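Below, each chain spelled out in residue letters.
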Amino acid sequence: MKCDGIPSGCAISGMMSEQGRRIDGRIIIQSIACMHDRSNGLGGGFAAYGIYPKRKDMYAFHMMYDNMEAKEATEEFFKDYFNVDKDEPIPTQRENGISNPPILWRYFLEVPESKLEFLTERDYVTNTVMKINSEIEGSFVASSGKNMGAFKGVGYPEDIGRFYKLEDYSAYIWTAHGRFPTNTPGWWGGAHPFTLLDWSVVHNGEISSYGINKRYLEMFGYKLELRTDTEVIAYLIDLLVRRHKLPIDKAVMCLASPFWKDIDRMEPEQKKTATMLRQVYGSTLLNGPFSIIIGHSNGMIGLNDRIKLRPMTAARKDDMLYMASEESAIREIAPDLDEVWSPKAGTAVIGTLNGEVE
Amino acid sequence: MNVRIDAKGMHYRPLNKIIRDAIVSGEKEFELDNIGGQRYIGAGINESVKITINGTPGNDLGVFMNGPKIIVNANAQDGIANTMNAGEIIVHGNVGDIIGYGMRGGKLYIKGDAGYRVGIHMKEYKKQVPVIIAGGTAGDFFGEYMAGGIMILLGMNGKSPLVGDYVGTGMHGGVMYIRGKVDPFNLGKEVSCLELSEEDTKLIGSYLKEYCEYFGFDFDEVMSGKFTKLVPLSIRPYGNLYVY
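How each quantity is defined
Residues numbered from 1 in each chain as written. Chains lettered and ligands numbered in written order. Predicted model: local features only at pLDDT ≥ 70, side-chain atom pairs only at ≥ 80, totals over all residues. Helix = DSSP H or I, 4+ residues; strand = E, 2+ residues; numbered from the N terminus. Buried ≥ 20, exposed ≤ 12 C-beta atoms within 10 Å, placed from the backbone. Contact = placed C-beta atoms within 7 Å. Rg over C-alpha atoms; globule rule 2.2 N^0.38 Å. Pairing = 2+ DSSP bridges. Axes fitted to C-alpha atoms, helices over the stretch in contact; angles between N-to-C directions. Parallel < 35°, antiparallel > 145°, perpendicular 65-115°, else oblique. Left-handed = near helix turned anticlockwise from the far one by under 90°. Nonpolar A, V, L, I, M, F, W, Y, C, P; charged D, E, K, R; others polar. Expected span 1.5 Å × (residues − 1). Arc of directions from axis to C-beta. Right-handed = clockwise from strand over helix to strand, strands pointing away.

Draft legend 1. Structural detail: the overall build of chain B. Looking only at helices and strands, chain B has three helices and eleven strands in total. Along chain B, helices (α) and strands (β) appear in the sequence β-α-β-β-β-β-β-β-β-β-β-α-α-β when read from the amino end. Overall size of chain B, expressed as C-alpha extent along the three principal axes, is 50 × 50 × 30 Å. Across the 244 residues that make up chain B, the buried fraction comes to 54%. Excluding contacts between residues fewer than 6 apart, the proportion of contacts in chain B whose partners are at least 24 apart in sequence is 41%.

And the structure:
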């Protein structure tokens, strides 16, 4: 499954009900399929939030295995590290040209109290994800959050969506990715979204600061094993928001910092903040062209690089927030919009859950 | 007689083939309904046909186009009029990024806002002078590496800022007219600001008259604004860049 290089995705779409209404997966497939020609069949994937209401307090691990040995080794590992409430194959259907999928299995896990003497539950889970990806040959974590999951693989996104039977899932946030890798062949683990805990990232572009970001993340114990640039975004947002407790609007200022020339012209208070963030978090700056959609349990964040080298359109209709590489992909699923706009370079669009998830 | 096509769910290839084939059989007018992201509409067409688009057309609308008139009754996306040679594109809405990329003739009229890098490397040759007019605002890199042609930005919707950062960076030909003030901080190093001469006013008036008729703007109101003219300081700003 593993291969070298840095990928560069090319179609993204996201939708969220800020009231927590859950919507089935057919809609997001329709949106990403509208941008079919931005992908080339070498990667597609989805992140969905709110899909496991019956086990919403357990960590849902979506796993990809190259072979039975990898599965057995990982299951031994799970038995040591977690209480396994349930495990089952991820349901798929094989009639649509998706070939050579790895073994796809999911686990609902609880962390035993006894393991949490010296660290928080989420740090513990993060460590296990890093351990599996780096130490168990042929075993990869596709997602590891609560009440969410990533469904990804090699193929066009609409085919991947049908392969995973996304019509059977309902989510209040859906993000999607169609990949057009320019720097590496596509592989199952290299498809987007990239995830950690409940964070997920879909990305169009390429992160040329990957080396700097990677070295910085490694100092905090992250292990970058998927050999893809997008992986750093998922871990950076985890570091900034979960571990360093930055508010989301400040975290995105670290990822796409204002230019020094613009900081010089800011009001004193704002200038102080922006200067501080650039000084402390210089190594989290993402360089290169990107448009990304980050999903998490409480919302969805859209962000462009600082000179807008990749496209992004955002829109609202009632409680729905939409973001996509192209306006047509939003109109496809919501023809009448209250508001549609092109987010400015380096300026985040932030959707926040303000209702109870259904 | 106009040819009406329901493009719901249709891929761009069959759609554009239907149009091209109909033009060969002598059709002159097209109306496309339920357009949703189909790319390359009007690509490379040489005949003076008229295409009306209902819905959001995909990227590279009118790429390499050489004659047709396209009317879009919605917003449009990125790369409109890419390397267009002749004809007209009229958009009753906003447009995305890199519109008029390498455009070398014809007109692109936009009612609302334009995105980043409008008119990037637009060029002209003798009578081939491309024109882009946007009625709203524009993003960063307006007229980046512009080598020729005319761009007019009106700011009629009163949104701020009127134009983004790095205006005319790398500009070395052509002219821009911006209806309002441009903060010198946002100007590229390769442009200078001038007052309009009588000839300038006459020139933009000739295009704006037509523009206002398309979109129902008040011509006198448009012309009553104070325009800033931007021209390149040099026709060869990077002549010494790699010669040391």
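Draft legend 2. Layout of the overall build of chain A. For chain A, the helix and strand inventory stands at ten helices and 18 strands. Relative to the globule expectation of 21 Å for 358 residues, the C-alpha radius of gyration of chain A, 19 Å, shows essentially globular dimensions. Taking the principal axes of its C-alpha atoms as reference, chain A extends roughly 60 × 50 × 40 Å. For chain A, the proportion of its 358 residues judged to be buried stands at 52%. When contacts within chain A are restricted to residue pairs at least 6 apart in sequence, long-range pairs at least 24 apart make up 77% of them.

Draft legend 3. Structural detail: the sheet that holds strand β11 (residues 194–196) of chain A. Residue and element names in this part refer to chain A. Read from one edge to the other, the open sheet built from five strands follows the order β11-β12-β13-β14-β18, with strand pairing classed as antiparallel. The sheet terminates laterally at β11 and β18 (349–352), the two strands that pair on one side only. Ignoring strand direction, the axes of neighbouring strands in this sheet form an average angle of 15°. Across the face of the sheet, helix α7 (residues 248–255) comes into contact with β14 (299–304) and β18 while running at roughly 30° to β14.

Draft legend 4. Quick look at the packing of helix α5 (residues 210–218) of chain A against helix α6 (residues 230–243) of chain A. Residue and element names in this part refer to chain A. Interhelical geometry of α5 versus α6 gives an angle of 45° and a closest axis separation of 10 Å. Relative to α6, the element α5 is oriented oblique. Crossing of α5 over α6 shows left-handed handedness. Touching Y210, N213, K214 and L217 of α5 are V232, Y235, L236 and L239, all from α6. In terms of residue class, the contact of α5 with α6 is built from six nonpolar, one polar and one charged.

Draft legend 5. Summary view of the interface of chain A and chain B. Counting from both sides, the interface comprises 15 residues of chain A and, opposite them, 14 residues of chain B. Ranked by the residues each element gives to the side of chain A that touches chain B, the list is headed by helix α10 (residues 327–331) of chain A, at four residues.

Draft legend 6. Quick peek at helix α3 (residues 121–135) of chain A. All names here are of chain A. With 15 residues, α3 extends 21 Å from end C-alpha to end C-alpha; this agrees with the ideal 21 Å at 1.5 Å per step. Three or more residues of α3 are buried, namely V125, T126, T128, V129 and I132. Mapping the buried residues of α3 onto a view down its axis gives an arc of 160°, with all of them on the same face. Summarising the geometry of α3, the exposed residues directed more than 90 degrees from the buried face are S134 and E135. Its buried side turned inward, α3 meets β4 (59–65), α2 (68–81), β7 (139–143) and β11.

Draft legend 7. Here's a closer look at helix α1 (residues 12–24) of chain B. The terminal C-alpha atoms of α1(B), which comprises 13 residues, lie 18 Å apart, in line with the 18 Å expected from a rise of 1.5 Å per residue. Remark: B:G26 follows α1(B) within two positions and exhibits a positive phi of approximately 100°.

Draft legend 8. Local environment of unusual backbone geometry. Here the bond from A:H192 into A:P193 is cis, since omega is 0°, no more than 30 degrees from zero. Inspection of the secondary structure assignment puts A:P193 in the loop between β10 (173–179) and β11. In this structure, B:R117 takes a positive phi of about 60° despite not being glycine. With respect to the helices, strands and loops of the structure, B:R117 is situated in the loop between β6 (107–110) and β7 (131–134). In the Ramachandran plot, B:Y166 falls in the positive-phi region, its phi being about 60° despite a non-glycine side chain. Tracing the chain through its elements places B:Y166 in the loop between β8 (147–153) and β9 (173–179). B:Y166 gets classed as buried once you count the C-beta atoms within 10 Å, which come to 20.

Draft legend 9. Up close: the pairing of strand β2 (residues 29–36) of chain B. All names here are of chain B. Where strand β1 (residues 2–6) and β2 come together, five bridges link them in parallel fashion. From the neighbouring strand, D6 faces β2, where its bridge partner is D33. Handedness of the β-α-β unit built from β1, α1 and β2 comes out right-handed. Across six bridges, the pairing between β2 and strand β3 (residues 50–56) is parallel. Each bridged residue has a counterpart across the sheet, and for E29 the counterpart in β3 is K50.

Draft legend 10. Spatial organisation of the sheet that holds strand β5 (residues 83–89) of chain A. All names here are of chain A. Reading across from one edge, β5-β6-β4-β7 is the order of the four strands in this open sheet, with antiparallel pairing throughout. One side of each edge strand has no neighbouring strand; the edge strands of this open sheet are β5 and β7. Across the sheet, the mean angle separating the axes of adjacent strands is 30° when strand polarity is ignored. One ladder, built from seven bridges, connects β4 with strand β6 (residues 103–110); its direction is antiparallel. Bridging from a neighbouring strand, F61 pairs with Y107 of β6. Packed onto the sheet, α3 meets β4 and β7 and runs at close to 140° relative to β7.

Draft legend 11. How the structure looks around the packing of α6(A) against α7(A). Residue and element names in this part refer to chain A. Remark: α6 packs on α7, axes separated minimally by 9 Å, with the N-to-C direction vectors making an angle of 135°. The pairing of α6 with α7 is recorded here as oblique in orientation. For the crossing formed where α6 meets α7, the hand is right-handed. Where α6 approaches α7, its residues L236, I237, L240 and V241 are matched on the opposing element by I248, A251, C254 and L255. Its residues assigned to classes, the contact of α6 with α7 comprises eight nonpolar, no polar and no charged.

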